[in-house]
Amino acid sequence: MKRIAVLTSGGDAPGMNSCLRAVVRGALAEGWEVLGVRQGYQGLIDGRMDPLDARAVGGIVQKGGTILGTIRSPEFKTMEGRKRALENLNKNKVEALVVIGGNGSQSGAYELHKMGFPVIGAPSTIDNDVPFTDITIGVDTALNTVLNAIDKIKETASSHHRAFLIEVMGRDSGYLAMMSGIAGGAEFIVIPEVETDMEDIVESVEDAYRKGKAHFIAIIAEGAKPGTQAIADYLRGKELGFEVRMTILGHVQRGGSPTAFDRVLATRLGLGAIRELARAEKGKMVGLIRGETVATPLEEVTSTKKVLDLQFYRRAQVLER
Ligand code: ADP
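These remarks concern the structure in this document. All residue numbers here refer to positions counted from 1 along the written sequence of the relevant chain. With the structure being a predicted model, the display of local features is reserved for residues of pLDDT at least 70 and the display and counting of side-chain atom pairs for 80 or more, all residues being used for whole-chain, interface and lining totals. Side-chain numbers here rest on the full set of heavy atoms in the structure, without hydrogens or water.

Comments concerning the overall build of the chain
Rules: Working definition: helices are DSSP H or I runs of at least four residues, strands are E runs of at least two. Numbering for both runs from the N terminus. Radius of gyration: C-alpha atoms only; globule rule: 2.2 Å multiplied by the number of residues to the exponent 0.38. Partly exposed residues are those whose accessible area sits between 20% and 50% of the maximum for their type, while under 20% is buried and over 50% is exposed, using a 1.4 Å probe and protein chains only. Contacts are assigned to residue pairs with any non-hydrogen atoms lying within 4.5 Å of each other. Throughout, the Shrake-Rupley method with a 1.4 Å probe supplies accessible areas, and for residues the shown protein chains are the sole cover considered. When charges are counted, Lys and Arg contribute as positive and Asp and Glu as negative, whereas His and the chain ends are disregarded. Where a charge lies is defined by one atom per residue type, namely NZ (Lys), CZ (Arg), CG (Asp) and CD (Glu).
Along the backbone of the chain there are 11 helices and 11 strands. For 321 residues, the compact-globule estimate of 2.2 N^0.38 gives 20 Å, and the chain sits close to it at 22 Å. Considered along the principal axes of its C-alpha atoms, the chain spans approximately 70 × 35 × 35 Å. For the chain, buried positions account for 53% of its 321 residues. Across the chain, every contact between residues at least 6 apart in sequence was considered, and the portion connecting residues at least 24 apart equals 75%. A total accessible area of about 14100 Å² is found for the chain, and carbon and sulfur atoms account for 49% of it. Measuring between centres, the 40 positive side-chain charges of the chain sit 6 Å from its 40 negative side-chain charges.

Spelled out as structure tokens, the structure:
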């Protein structure tokens, strides 16, 4: 192998840069050259790739976002778009590609693999919804950002005897809501994976009031049904003892300097991707499974849905007392 390329794709996540740095420096240590592709798969289609040396990825281990940029590329979902991407890879004498991204990005990687191009994926997304890895790059940082907000909101909620509905990211995945709710000591957690009855929430608020709690905090995933606004409207129509307020945390959850955990995870997965390429492996994604970096065929990754540990969700309900 002489030359590889690397790209970041899909939703950005803190730690993408730490992973990129590990991929570049790991590859250089193997004696390979590295091209950095701008703006994810769209950059492949447009032929936007430049050499990255060790210095080019200096000073980024602690930076959120991605220095390569990322946009969604509908064009890459078409065979024509992917053919152009392949032509550019071949024209630039690239022999293998590392893709850092979420489920969609791993699907894109699998499509390239099926066209005969060697690809290795590394999972990054704050949703933690990629299978064959216990945790994805970026989740830990996002979780800590959410916790920081919950802790602050709790203080003001307690002072004013308020019920706060805090919406966190997760259109299809309740991981962030569940874990931040548990770690943040929320009274109620609403996630897309579990159907929730409005009256159960009302009961929980009334219960908190009766028990003399100074506040009520509910963590609601973006994609949960009922949604945050609907819950707020419903609760406002009741006599609950607490005034109701809602906060949508939004994109602050995507930013920020990656935590130590995310930096180490991203580094391990980045070096893991290089290790797989050095072993002439391809068409796989490197994940962290029970503490080990394990490569799983993209075919399996893209055909499996990660399921949330609902047993833990239910067990954790004993804490809402
Ligand atoms: P994420 O990787 O965070 O899940 P997306 O779902 O937006 O984000 O996927 C990122 C990019 O991956 C898309 O913009 C598209 O270019 C590519 N992609 C997603 N799904 C496929 C697919 N089935 N086939 C080919 N490319 C895909």
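Next, the rest of the story.
What about the sheet that holds strand β3 (residues 49-51)?
The condition that has to hold: One bridge is not enough; two strands pair if DSSP finds at least two bridges between them. Every axis in this analysis is a line fitted to C-alpha atoms, fitted for helices over the stretch in contact. Angles between the N-to-C directions lie between 0 and 180 degrees.
Pairing is mixed in the open sheet, where 7 strands are placed in the order β3-β2-β1-β4-β5-β10-β11. Sheet topology places β3 and β11 (292-297) at the edges, where each strand pairs with a single neighbour. Within this sheet the neighbouring strands show an average axis-to-axis angle of 25°, counted without direction. Across 5 bridges, strand β4 (residues 96-101) lies against strand β5 (residues 119-123) in parallel orientation. Among the inter-strand pairings, V99 is bridged to a residue of β5, identified as G121.

Digging into the packing of helix α5 (residues 139-160) against helix α6 (residues 175-184)
We count it as follows: Each angle gets one of four labels, with under 35 degrees taken as roughly parallel, over 145 as roughly antiparallel, 65 to 115 as roughly perpendicular, and the rest as oblique. By convention, the crossing between two helices is left-handed when the near helix turns anticlockwise from the far helix through less than a right angle, and right-handed when the turn is clockwise. Gly falls in the polar group here, along with every residue not listed as nonpolar (Ala, Val, Leu, Ile, Met, Phe, Trp, Tyr, Cys, Pro) or charged (Asp, Glu, Lys, Arg).
The N-to-C vectors of α5 and α6 enclose an angle of 50°; their axes lie 9 Å apart at closest approach. Between α5 and α6, the angle falls in the class oblique. Crossing geometry of α5 relative to α6 is assigned as right-handed. Between α5, through V139, A142, L143, V146, L147, I150 and K154, and α6, the contact on the second element is made entirely by Y175, L176, M179, S180, A183 and G184. Its residues assigned to classes, the contact of α5 with α6 comprises 10 nonpolar, 2 polar and 1 charged.

A closer look at the sheet that holds strand β8 (residues 216-221)
Here we have 4 strands laid out as an open sheet, ordered β7-β8-β6-β9, and parallel in their pairing. The open sheet has two edge strands with one neighbour each: β7 (188-190) and β9 (243-248). Here the strands of the sheet are splayed against their neighbours by 20° on average, with no regard to which way each runs. Pairing of strand β6 (residues 162-168) with β8 involves 6 bridges; the strand directions are parallel. Across the sheet, the residue bridging to I166 is I219, located in β8. Docked against the sheet, α5 engages β6, β8 and β9, running at close to 165° with respect to β6.

Quick word on α6
Each α-helix winds once per 3.6 residues, and so residues spaced three or four apart point in a common direction. Buried residues dominate α6, accounting for 8 of its 10 residues. Listed in full, the buried residues belonging to α6 are Y175, L176, A177, M178, M179, S180, G181 and G184. Buried positions along α6 lie against α5, β6, β7, β8 and α11 (310-315). Positive backbone phi, at 70°, marks G185, one or two positions downstream of α6.

A few points about the side chain of T196
With respect to the helices and strands, the residue T196 is situated in the loop between β7 and α7 (198-210). Once residues within four sequence positions are removed from consideration, T196 is found in contact with F188, V190, I201, K225 and P226.

Some thoughts on the site of the ligand
Spelled out, the test is: When we say a residue is near a molecule or strand, we mean one of its heavy atoms is within 4 Å of it. The term polar contact refers here to a pair of N or O atoms within 3.5 Å; inside protein, the definition further demands a hydrogen-donor-capable atom paired with an acceptor-capable atom, and it admits residues adjacent in sequence only when both atoms are side-chain atoms.
Close to the ligand lie 16 residues, the nearest being G11, R72, S73, G104 and S105. At 3.0 Å from an oxygen atom of the ligand is found a main-chain nitrogen or oxygen belonging to G102. Residue S105 places a side-chain N or O atom 2.5 Å away from an oxygen atom belonging to the ligand. Computed on the free molecule, the ligand has an accessible area of 550 Å², of which 79% lies beneath the protein chains in the complex. The element that contributes the greatest number of residues to the shell around the ligand is helix α4 (residues 103-114), accounting for 6 residues. In terms of residue class, the shell around the ligand is built from 2 nonpolar, 10 polar and 4 charged.

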